[in-house]
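Observations on the model geometry
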Amino acid sequence: LRDGQSIRAKELSILRYPVPPAAEQIEIAEYLDEMTGRVDSAGKTAQRSITLASGRRAALIAAAGTGKSEV
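Notes on the overall build of the protein
- Helices and strands together make up the secondary structure of the protein, namely 2 helices and 0 strands.
- Here the C-alpha radius of gyration of the protein, 27 Å, is well above what a compact globule of 71 residues would show, namely 11 Å.
- Residue burial in the protein is summarised as follows: out of 71 residues, 1% are buried.
- Of the accessible surface of the protein, which amounts to about 6,900 Å², a share of 57% is contributed by carbon and sulfur atoms.
- Positive and negative side-chain charges of the protein, numbering 10 and 9 respectively, have mean locations separated by a distance of 8 Å.

Thoughts on the pattern of salt bridges
- Inspection of every chain in the model, using the stated rule, returns 1 salt bridge.
- In this structure, Arg38 and Glu34 form a salt bridge, with 2.8 Å as the shortest nitrogen-oxygen distance. Here the residue Arg38 and the residue Glu34 both occupy positions in helix 2 (residues 22-66), the gap between them amounting to 4 residues, near one helical turn.

Focus on the environment of Gln5
- With respect to the secondary-structure elements, Gln5 resides in the segment before helix 1 (9-13).
- When its relative accessible area of 47% is taken as the criterion, Gln5 is described as partly exposed.
- Sequence separation between Gln5 and Arg57 is 52 residues; the distance between their C-alpha atoms is 55 Å.

Regarding the environment of Ile14
- Its place among the elements puts Ile14 in the loop between helix 1 and helix 2.
- Its relative accessible area of 66% is what places Ile14 among the exposed residues.
- For the pair formed by Ile14 and Leu60, sequence separation is 46 residues and the distance between their alpha carbons is 67 Å.

Points about a nonpolar patch on the surface
- Residues Ile7, Leu12, Ile14, Leu15, Tyr17 and Val19 make up a contiguous nonpolar surface patch of roughly 640 Å² in combined accessible area.
- Mapped onto the fold, Leu12 is located in helix 1.

Considerations on a negative patch on the surface
- Judged by side-chain charge, Glu24, Glu27, Glu30 and Asp33 come together as a negatively charged surface patch.
- Tracing the backbone shows Asp33 in helix 2.
- Of the residues examined, Asp33 reaches a relative accessible area of 57% and is grouped as exposed.

The rules we used
Residue positions are given per chain, counting from 1 as you read along its sequence in written order. Thresholds applied to this predicted model are a pLDDT of at least 70 for local features of residues and 80 or more for the giving and counting of side-chain atom pairs; totals over whole chains, interfaces and linings are not thresholded and use all residues. Only hydrogens and water are removed before side-chain values are computed, so all heavy atoms of the structure are retained for them. Strands here mean DSSP runs of E at least two residues long; helices mean DSSP runs of H or I at least four residues long; both are numbered from the N terminus. As defined in this context, the radius of gyration uses C-alpha atoms, and a globule is described by 2.2 Å times the residue total to the power 0.38. Throughout, exposure labels follow a simple rule: accessible area from a 1.4 Å probe, protein chains only, divided by the maximum for the residue type, with under 20% read as buried, over 50% as exposed, and the rest as partly exposed. Accessible surface area values rest on a Shrake-Rupley calculation with a 1.4 Å probe, where residue burial reflects the displayed protein chains alone. Positive residues here are Lys and Arg, negative ones are Asp and Glu, while His and the chain termini are left out of the count. To locate a charge, take NZ of a lysine, CZ of an arginine, CG of an aspartate or CD of a glutamate. The term salt bridge refers to a side-chain nitrogen of Lys or Arg lying within 4 Å of a carboxyl oxygen of Asp or Glu. Exposure above 30% relative accessible area and the absence of a salt bridge qualify a residue for a patch, where like charges join within 9 Å and nonpolar side chains (Val, Leu, Ile, Met, Phe, Trp, Tyr) within 5 Å.

In structure tokens:
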């Protein structure tokens, strides 16, 4: 296709393309679900760490500002 051109549904329906067997598709989907869950979990852990570090930073700045801690 060139820029600005598109394929119509009728043209697309006559194209042949490889598709894995249904059992393999299910296996792939389950793997992707598991990996997505791991990434989501890692993101949540990172966000909790950032929140904790921000709180500690604020507490350290407050303590230094009030003279309760040496910088």
